[in-house]
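What follows is the residue order along each chain.
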Amino acid sequence: MTSSQFHRLLQRAGQNDEAALGELLGRYRGYIKVLSRRFLDDCGPVLADASDIVQQTCVAALKAFPDFRGESEGEFIAWLRAIHQHAAVDHLRRSRAQKRGGGQVAVLSGDPSADQSSPSRRLMQGEAAVELASAIEQLPDDLREAVRLRHLEGWSLPQIAEHMGRSHAAAAGLVKRGLSKLRADMKNEE
């Protein structure tokens, strides 16, 4: 999406055009899903699904949009990340409460990884992250997971192989095929 396309959609959304707002949020679904998976990975084993967090984020963004005062795509992404963070923490609280039978849940102060600033975390905060996340989300499940774990989370091939129940060679093949497909897909979008 070009800057002018973004601004046209933002302007239409600001004029209560629900279709424009839906299209604008749809553009960032892949990005939100990558953020959701990262959040869940950082939280350890939980009863939660990234797709649920994406949905909650989009619903919250729809409700909160009248209060958005930014004008740039960068401001919109930062606003969306903040909404995602709240939705993810709320979803995690509810999931843990259900898992424990509705008992008290410790209040989380925010993203467990908020203090970390790895290169992949910084990458996923930039505007180019939206295109990258969307392209990654289009990969087949196994390729997507292997690429995400290797290049966004920094897992070693043996860790990926164990996590995915594959041999070391098979895990390496998934990463290689995933990257090749990702490069081809992104090149075709240019």
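The sections below set out a description of the structure shown in this document. (Residues numbered from 1 in each chain as written. Predicted model: local features only at pLDDT ≥ 70, side-chain atom pairs only at ≥ 80, totals over all residues. Heavy atoms only, no water.)

With that out of the way, let us pick up the packing of aromatic side chains. Applying the stated criterion to the full structure yields seven aromatic pairs. Aromatic side chains phenylalanine 6 and phenylalanine 76 sit 5.9 Å apart centroid to centroid with 65° between the ring planes, which places their arrangement in the edge-to-face category. Placement of the pair is phenylalanine 6 in helix α1 (residues 3-14) and phenylalanine 76 in helix α5 (residues 73-99), with a sequence separation of 70 residues. Judged by its relative accessible area of 1%, phenylalanine 6 is buried. Relative to phenylalanine 76, the ring of phenylalanine 68 lies with its centre 5.5 Å away and its plane at 90°, an arrangement referred to as edge-to-face. According to the relative accessible area criterion, phenylalanine 68 is buried, its value standing at 10%. Taken together, Phe6, Tyr28, Phe65, Phe68, Phe76 and Trp79 form an aromatic cluster joined through their ring pairs. The aromatic ring of tyrosine 28 is capped on one face by arginine 27, whose charged end is 5.7 Å from the ring centroid. (Phe/Tyr/Trp six-rings, centres within 6.5 Å; stacked < 30°, edge-to-face > 60°. Helix = DSSP H or I, 4+ residues; strand = E, 2+ residues; numbered from the N terminus. Buried < 20%, exposed > 50% of the residue type's maximum accessible area, 1.4 Å probe, protein only. Lys NZ or Arg CZ within 6 Å of the ring centre and 35° of its normal.)

Where charged atoms from two side chains of opposite charge approach closely, those side chains can pair. Evaluation of the coordinates by the stated rule reveals eight salt bridges. Measuring nitrogen to oxygen at the nearest pair gives 4.0 Å for the salt bridge that ties glutamate 73 to arginine 27. You can see glutamate 73 sitting in helix α5 and its partner arginine 27 sitting in the loop between α2 (18-26) and α3 (29-42), a full 46 residues away along the chain. Of the charged contacts, one joins aspartate 90 and arginine 93 as a salt bridge, the two residues approaching to 3.3 Å between their closest N and O atoms. In this pair, aspartate 90 and arginine 93 both sit in helix α5, three residues apart, roughly one turn of the helix. (Salt bridge = Lys/Arg side-chain N within 4 Å of Asp/Glu carboxyl O.)

Within the secondary structure, arginine 144 is located in helix α8 (residues 141-152). By relative accessible area, arginine 144 is classed as buried at 12%. A polar side-chain atom of arginine 144 sits 3.4 Å from the main-chain carbonyl oxygen of glutamate 137. Among all residues touching arginine 144, those that are not within four sequence positions of it are Arg37, Ile136, Glu137 and Leu139. (Polar contact = N/O pair within 3.5 Å; in protein donor to acceptor, adjacent residues only side chain to side chain. Contact = heavy atoms within 4.5 Å.)

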